[in-house]
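Examining the three-dimensional arrangement
This is what each chain is made of:
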Amino acid sequence: MTQTDNPRTANVGDTLPVFARQTGLQHWNRYAAVNYEFVPIHMDDEAGVAAGYPSAFGMGNLQWSYLHNMLRDWLRDEGRIHRLGIQFRSPNLKGQTVTVHGVVKAIRSEGAHCTIDLDVWAENEDGVRMAPGTAAVILNPMS
């Protein structure tokens, strides 16, 4: 597989540049402040333990936002995110490094637009896929 830095030259099988963050309370607190999501399991280790986890854990939608960031970084001003859907399968625990990935699965022309379908996922440092999903981006027409 080849990494593509430019959506206009992407081919099926190409990988997108990854986006990674080591997460913890500092990241979760910022996310909670913007989304008014001060839920105890995301802020307090005792609440996380009571819920069956080793500590507090991050919001699922934070993994979604990391995937969104990866797509926007890759697209730059060349297009827009048309669809992004994931399934939350594993929590983001304190101190984990979450890395998000994308692979081009199909490229379709639809009139003046080009749509790129992708498999996307967030994984932890052990390679466990925490949030697999799919995305589609639409490139701006060439002028």
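Brief notes about the packing of aromatic side chains
Aromatic rings in a pair are described by how distant their centres are and how their planes are angled relative to each other. A complete count under the given rule lists three aromatic pairs for this structure. Ring plane angle 85 degrees and centroid distance 6.2 Å describe the contact between Tyr36 and Phe38, whose orientation is recorded as edge-to-face. Their ring planes at 45 degrees and their centres at 4.4 Å tell us that Tyr53 and Phe57 sit as a pair that is tilted. The ring of Trp121 carries the charged tip of Arg129 above its face, separated from the ring centre by 3.7 Å.

Here we look at helix H4 (residues 60-75)
Helix length check: H4, at 16 residues, gives a terminal C-alpha distance of 23 Å against a target of 22 Å (1.5 Å per residue), a fit within 8%. Arg76 sits one or two positions beyond H4 and adopts a positive phi of about 50 degrees.

Some details on the pattern of salt bridges
Applying the stated criterion across every chain yields a total of six salt bridges. In this structure, Asp119 and Lys105 form a salt bridge, with 3.9 Å as the shortest nitrogen-oxygen distance. A residue pair is termed long-range when its members are at least 10 positions apart, and Asp119 in strand S4 (residues 113-123) and Lys105 in strand S3 (residues 97-110) qualify at 14 residues. Note on Lys105: relative accessible area 46%, which makes it partly exposed. Among the ionic contacts, a cluster of salt bridges with common partners joins Arg83, Arg108, Glu110 and Asp117.

Some points on the nonpolar core
In terms of nonpolar packing, the biggest core is built from 30 residues, with Leu71 and Leu118 touching the most fellow members. Per-element accounting of this core gives the leading share, seven residues, to H4. The contact partners of Leu118, leaving out residues within four places of it in the chain, are Leu16, Leu71, Trp74, Val103, Val104, Lys105, Gly133, Thr134, Ala135 and Val137.

Focus on the side chain of His42
Along the chain, His42 falls in helix H2 (residues 40-43). Relative accessible area serves as the criterion here: at 7%, His42 is assigned to the buried category. Among the polar contacts listed, one links the side chain of His42 to the backbone oxygen of Phe57, at a separation of 2.5 Å. With near-sequence residues (within four places) excluded, His42 lies in contact with Leu25, Trp28, Glu37, Ala56, Phe57, Gly58 and Met59.

Calculation rules
- Residues numbered from 1 in each chain as written.
- Predicted model: local features only at pLDDT ≥ 70, side-chain atom pairs only at ≥ 80, totals over all residues.
- Heavy atoms only, no water.
- Phe/Tyr/Trp six-rings, centres within 6.5 Å; stacked < 30°, edge-to-face > 60°.
- Lys NZ or Arg CZ within 6 Å of the ring centre and 35° of its normal.
- Helix = DSSP H or I, 4+ residues; strand = E, 2+ residues; numbered from the N terminus.
- Expected span 1.5 Å × (residues − 1).
- Salt bridge = Lys/Arg side-chain N within 4 Å of Asp/Glu carboxyl O.
- Buried < 20%, exposed > 50% of the residue type's maximum accessible area, 1.4 Å probe, protein only.
- Core = buried A, V, L, I, M, F, W, Y, C linked by side-chain atoms within 4.5 Å.
- Contact = heavy atoms within 4.5 Å.
- Polar contact = N/O pair within 3.5 Å; in protein donor to acceptor, adjacent residues only side chain to side chain.

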